[in-house]
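# Architecture and fold: a report
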Amino acid sequence: MRSFRRAVYLCAAMVLPACGVEESTGGLEEVLDVREAELVSAVSRGCVFELTSVVRAGTVPPIHDILLSRVASSTCAWPAASIGLGSSVIATPGLSLVANDLGVAAGFTVKSNYSGSSPMTVGIRHVDPELMTVVRSTGFAVYLGTGSVWLGYLAIGSDGTTLTAGGTKSGRIGGETGSGSNFVATFPDFFTSTTPGTVIAY
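Residues numbered from 1 in each chain as written. Predicted model: local features only at pLDDT ≥ 70, side-chain atom pairs only at ≥ 80, totals over all residues. Heavy atoms only, no water.

Among the eight residues in strand E7 (residues 120–127), seven count as buried, and that is most of the element. Pairing of strand E6 (residues 103–111) with E7, which is carried by eight bridges, proceeds in the antiparallel orientation. Residue pairing across strands places Gly-107 opposite Ile-124, the latter belonging to E7. Bridge analysis of E7 against strand E8 (residues 134–140) gives six bridges, and the strand direction is antiparallel. If you follow Gly-123 over to E8, its bridge partner there is Gly-139. Where E7 folds back on E8, the antiparallel hairpin that results is connected by six residues, among which Met-132 adopts a positive phi of roughly 55°. (Buried < 20%, exposed > 50% of the residue type's maximum accessible area, 1.4 Å probe, protein only. Helix = DSSP H or I, 4+ residues; strand = E, 2+ residues; numbered from the N terminus. Pairing = 2+ DSSP bridges.)

With respect to the helices, strands and loops of the structure, Lys-111 is situated in strand E6. Buried charge without a partner: Lys-111 forms no salt bridge, and the closest opposite charge is Asp-65, 17 Å away. Dropping the residues within four chain positions of it, Lys-111 is found in contact with Ser-88, Val-89, Ile-90, Gly-116, Ser-118, Pro-119 and Met-120. (Lys, Arg positive; Asp, Glu negative; His and termini not counted. Salt bridge = Lys/Arg side-chain N within 4 Å of Asp/Glu carboxyl O. Contact = heavy atoms within 4.5 Å.)

Turning next to the state of the cysteines. Inspection of the entire model under this criterion finds one disulfide. Sulfur-sulfur distance for the disulfide between Cys-47 and Cys-76 comes to 2.0 Å. Here Cys-47 and Cys-76 share a disulfide; its torsion about the S-S bond, 85°, makes the bridge right-handed. Here Cys-76 lies in the loop between strand E3 (64–71) and strand E4 (81–88) and Cys-47 lies in strand E2 (residues 47–55), a separation of 29 residues in the sequence. (Disulfide = S-S within 2.5 Å.)

Taken in spatial order, the four strands of this open sheet run E5-E6-E7-E8, and their pairing is antiparallel. Looking at the sheet topology across the chains shown, the edges are occupied by strand E5 (96–100) and E8. Mean inter-strand twist for the sheet, computed between neighbouring axes without regard to direction, equals 15°. (Axes fitted to C-alpha atoms, helices over the stretch in contact; angles between N-to-C directions.)

With respect to the helices, strands and loops of the structure, Thr-121 is situated in strand E7. Between the C-alpha atoms of Thr-121 and Lys-111, which are 10 residues apart in sequence, the distance is 6.5 Å. Residue contacts for Thr-121: discarding those within four places in its chain leaves Phe-108, Thr-109, Val-110, Phe-140, Ala-141 and Val-149.

Bringing the side chain of Thr-109 into the picture now. One can find Thr-109 in strand E6. Here Leu-151 takes part through its backbone nitrogen, which lies 2.9 Å from a polar atom of the side chain of Thr-109. (Polar contact = N/O pair within 3.5 Å; in protein donor to acceptor, adjacent residues only side chain to side chain.)

Next up on the list: the packing of aromatic side chains. Aromatic ring pairs are reported here in terms of the distance separating the ring centres and the angle at which the planes meet. Across all of its chains, the model carries four aromatic pairs by this definition. When the ring of Phe-187 is compared with that of Phe-190, the centres are 5.7 Å apart and the planes differ by 75°; the resulting orientation is edge-to-face. Like Phe-190, Phe-187 is buried. One aromatic cluster is present, built from ring pairs that chain together Phe-140, Phe-183, Phe-187, Phe-190 and Phe-191. (Phe/Tyr/Trp six-rings, centres within 6.5 Å; stacked < 30°, edge-to-face > 60°.)

So this is what it looks like as structure tokens:
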């Protein structure tokens with residue numbers, strides 16, 4: 001646990017300001033608490049990647065920045081680095097992270113407006129593990145904004161290239177087939193193409 005907290009300290013101290021994400025007004029311990037509660041991780045090309053939601057300092061009500069970090073280690077060819085993937089006005093549920101040697105796929109549920117009627121939407125990002133840049137951005141929203149979507153999981157298929165996303169929703173996602181409050185979306189060749197996903201409701 002001590003080595004983990006030290007790694008988080010180094011990440012918080014070195015890369016958050018560079019990403020435009022300020023340290024919480026509660027200091028390092030509050031940042032640690034948030035990261036340990038929200039963090040999910042995956043491995044690509046020998047590097048550990050961590051996805052977390054960090055409260056932006058000085059925001060009332062709070063804004064939650066979604067941060068993907070690459071952890072420095074003896075098995076990783078590149079140094080520690082981070083990239084901001086989005087933000088939400090509520091605590092970010094449904095953080096999901098999967099990876100292989102082709103890339104890193106990060107998913108999250110966000111709410112972009114404080115209005116009670118503002119919908120929840122899902123964002124999915126393909127991040128290059130070496131350059132730490134977003135290669136592809138996609139996601140889901142309910143058609144005409146008359147409902148919300150929540151991410152439950154991301155998974156990479158046995159072929160290593162197909163990404164599957166699943167979750168729940170209220171309303172219809174644009175282009176979906178079927179009906180129901182659950183959905184599953186399939187993206188063939190997610191890391192090597194921009195082929196749109198197909199969404200099935202059930």
